[in-house]
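Observations on the model geometry
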Amino acid sequence: MGKGAATDVGRPSRGNRLNEIILSAIETFSRTNYEKATTALLAREAGVAEGTLYKYFPSKKELFLACCRYIEDLLIARYEAIYRECGDSPLDYLKRVSKSYVEFVRDNPSMRKFLAFVLNNSFDEDFRRELTDFMDLNIRATELMLRRGQEKGEIRGDLDPHVVAWFYVGAYFTIILMVEMEAEVFKDPDLADRYLDILDLGGISREGRRESEASGDREGGLFASLRDGGEAGRRDGR
């Protein structure tokens, strides 16, 4: 296993060979790049034979995309946990998610670099599709919570939820850039709060607070409902 993989959250048990290969590949891709990370190198870093690697993944690209989805699922699991705790307060949910993402970026350097690599290589159709699906899912989830917050009077009613959702989710990669550029501002422990202050989500409340008609049941999860319902399915046909 590569040296950096053990530092990332969500590390599986040693017995889970598939996840071990994925975690090792994330570290290897982030340490080199897609072209230099040959299947021979990826197999060696994972501690398996190259033939064994192909038993799990038919190509290097499939392994790379599996790495993307592994990181995406880690992030969404964090957001779903926050939703179960405070989904009744959309503003609190958005604050908690932003802080959770900053913590994720701080704590997981190889995954952070991997995400930056995906963004910088969006010219590849498959990489771009994976990135687009993930961004779209997060934007729709954010927009939904913004609309619920407006209905409840927690979030300014004069904001365009779709535009704000783009800025909110787009900050995922701005934060990565801050780290990679070693920006002093990233060291601010209140960075997430300062960013939300800029958005000024709760600055002006609508008159009369009312419960969101779409609040629904949080048991099923926010992202799960968006993935599974109608046009929301992000991995249909895969």
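Just so we're clear, the structure is a prediction, and the values are computed from it rather than from any experiment. (Residues numbered from 1 in each chain as written. Predicted model: local features only at pLDDT ≥ 70, side-chain atom pairs only at ≥ 80, totals over all residues. Heavy atoms only, no water.)

**Side note on helix 8 (residues 161-180)**
Counted only if it meets this: Here a helix means four or more residues in a row that DSSP labels H or I, a strand means two or more in a row labelled E, and each is numbered from the N terminus. Expected helix span is computed as 1.5 Å times (number of residues minus one). Bend angle per residue: angle between axes fitted to the 7 residues ending at that residue and the 7 residues starting there. Throughout this description, buried means an accessible area under 20% of the type-specific maximum (1.4 Å probe, protein chains only), exposed means over 50%, and partly exposed covers the range between. The definition of a polar contact used here is a pair of N or O atoms within 3.5 Å, where within protein one atom must be able to donate a hydrogen and the other to accept one, and adjacent residues in sequence count solely through side-chain atom pairs.
With 20 residues, helix 8 extends 29 Å from end C-alpha to end C-alpha; this agrees with the ideal 28 Å at 1.5 Å per step. At Tyr172, helix 8 is deflected by roughly 30 degrees, the largest bend along its length. Within helix 8 the residues assigned to the buried category are Pro161, Val164, Ala165, Tyr168, Val169, Ala171, Tyr172, Phe173, Ile175, Ile176 and Val179. Capping the start of helix 8, Asp160 holds a side-chain oxygen 3.0 Å from the backbone nitrogen of His162, two or three residues further along. Following helix 8 by one or two positions, Glu182 adopts a phi angle in the positive range, close to 55 degrees.

**Structural notes on the packing of aromatic side chains**
Short version of the rule: Centres within 6.5 Å are what make two rings of Phe, Tyr or Trp a pair, Trp counting through its six-membered ring; a difference in plane orientation under 30 degrees is then read as stacked, over 60 as edge-to-face, and the rest as tilted. Two conditions define a charge sitting above a ring: the NZ of Lys or the CZ of Arg must be within 6 Å of the ring centre, and it must be within 35 degrees of the ring normal.
Taken as a whole and assessed by the stated rule, the structure comprises 12 aromatic pairs. On the numbers, 4.5 Å between centres and 35 degrees between planes, the contact of Phe64 with Phe127 is tilted. Of this pair, Phe64 sits in helix 4 (residues 60-86) while Phe127 sits in helix 7 (residues 125-152), and the two are 63 residues apart along the sequence. Judged on exposure class, the residue Phe64 and its partner Phe127 are both buried. Aromatic pair Tyr83 and Tyr93: ring centres 6.0 Å apart, planes at 85 degrees, arrangement edge-to-face. Placement of Tyr83 in helix 4 and of Tyr93 in helix 5 (residues 90-107) is noted, with a sequence separation of 10 residues between them. Comparing Tyr83 with Tyr93, the two get one shared label, buried. Over the ring of Tyr34 we find Lys60; its NZ or CZ atom is 4.4 Å from the centre of that ring. Here Lys61 stacks its cationic end above the ring of Phe127, 5.5 Å away from the centre of that ring.

**Thoughts on the packing of helix 5 against helix 8**
Selection rule: In this analysis, axes come from line fits to C-alpha atoms, helices being fitted only over the stretch in contact, and the angle between any two N-to-C directions falls in the range 0 to 180 degrees. Any angle from 65 to 115 degrees is called roughly perpendicular, while one under 35 is roughly parallel, one over 145 is roughly antiparallel, and all others are oblique. Crossings are sorted by hand: turned counterclockwise from the far helix by less than a right angle, the near helix makes the crossing left-handed, and turned clockwise it makes it right-handed. Whether two residues are in contact is decided by their heavy atoms: any pair within 4.5 Å suffices. For this scheme, ten residues count as nonpolar: Ala, Val, Leu, Ile, Met, Phe, Trp, Tyr, Cys and Pro. Four count as charged, namely Asp, Glu, Lys and Arg, and the remainder, Gly too, count as polar.
Closest axis-to-axis distance for the helix 5/helix 8 pair is 10 Å, and the angle between their directions is 30 degrees. Overall, the two elements helix 5 and helix 8 adopt an arrangement that is roughly parallel. Both helix 5 and helix 8 take part in a crossing whose hand is right-handed. Two secondary-structure elements touch here, helix 5 through Leu94, Val97, Ser98, Tyr101, Val102 and Val105 and helix 8 through Tyr168, Tyr172, Phe173, Ile175, Ile176 and Val179. When the residues that make up the contact of helix 5 with helix 8 are grouped by side-chain class, the tally is 11 nonpolar, 1 polar and no charged.

**Observations regarding the pattern of salt bridges**
When charged atoms on two side chains of opposite charge get close, those side chains can pair. Selection criterion: In what follows, salt bridge is the name for a side-chain nitrogen of Lys or Arg lying within 4 Å of a carboxyl oxygen of Asp or Glu.
Enumeration according to the criterion identifies 13 salt bridges in this entry. Note that Glu85 is salt-bridged to Arg96, the shortest N-O span being 2.6 Å. In this pair, Glu85 is assigned in helix 4 and Arg96 in helix 5, connecting sequence segments 11 residues apart. Among the residues examined, Glu85 registers a relative accessible area of 55% and is labelled exposed. Arg96 gets classed as partly exposed once you look at its relative accessible area, which sits at 35%. Between Arg129 and Asp126 there is a salt bridge whose closest N-O contact spans 3.0 Å. Of this pair, Arg129 and Asp126 both sit in helix 7, separated by 3 residues, roughly a single helical turn. A relative accessible area of 37% means that Arg129 is categorised as partly exposed. One salt-bridge network, held together by shared partners, links Lys61, Asp124, Glu125, Asp126 and Arg129.

**Some details on the environment of Leu23**
Position of Leu23 relative to the elements: it lies in helix 1 (residues 17-31). It is 7.4 Å that separates the C-alpha atoms of Leu23 and Cys67, two residues lying 44 residues apart in sequence.

**Describing the confidence of the model for the protein**
Close inspection of predicted coordinates is inappropriate for parts of the model with low pLDDT. Selection criterion: As a per-residue measure, pLDDT reflects the predictor's confidence and takes values from 0 up to 100.
Overall, the prediction assigns the protein a mean pLDDT of 81, with 80% of residues at 70 or greater. Contacts from residues 1-15, a stretch scored under 50 in pLDDT, to residues over four places away or in other chains number 41 contacts. Here residues 230-238 scores under 50 on pLDDT; set against residues more than four positions off or in separate chains, the count is 22 contacts.

**A word on the packing of helix 4 against helix 6 (residues 109-120)**
Close contact between helix 4 and helix 6 brings their axes to 11 Å; oriented N to C, the two are set at 120 degrees. Here helix 4 is positioned oblique relative to helix 6, judged by the angle of their axes. The handedness of the crossing between helix 4 and helix 6 is left-handed. Residues Phe64, Cys67, Cys68, Tyr70, Ile71 and Leu74 of helix 4 form the contact with helix 6, whose participating residues are Met111, Phe114, Leu115, Phe117 and Val118. Looking at the contact of helix 4 with helix 6 residue by residue, the classes come out as 11 nonpolar, no polar and no charged.

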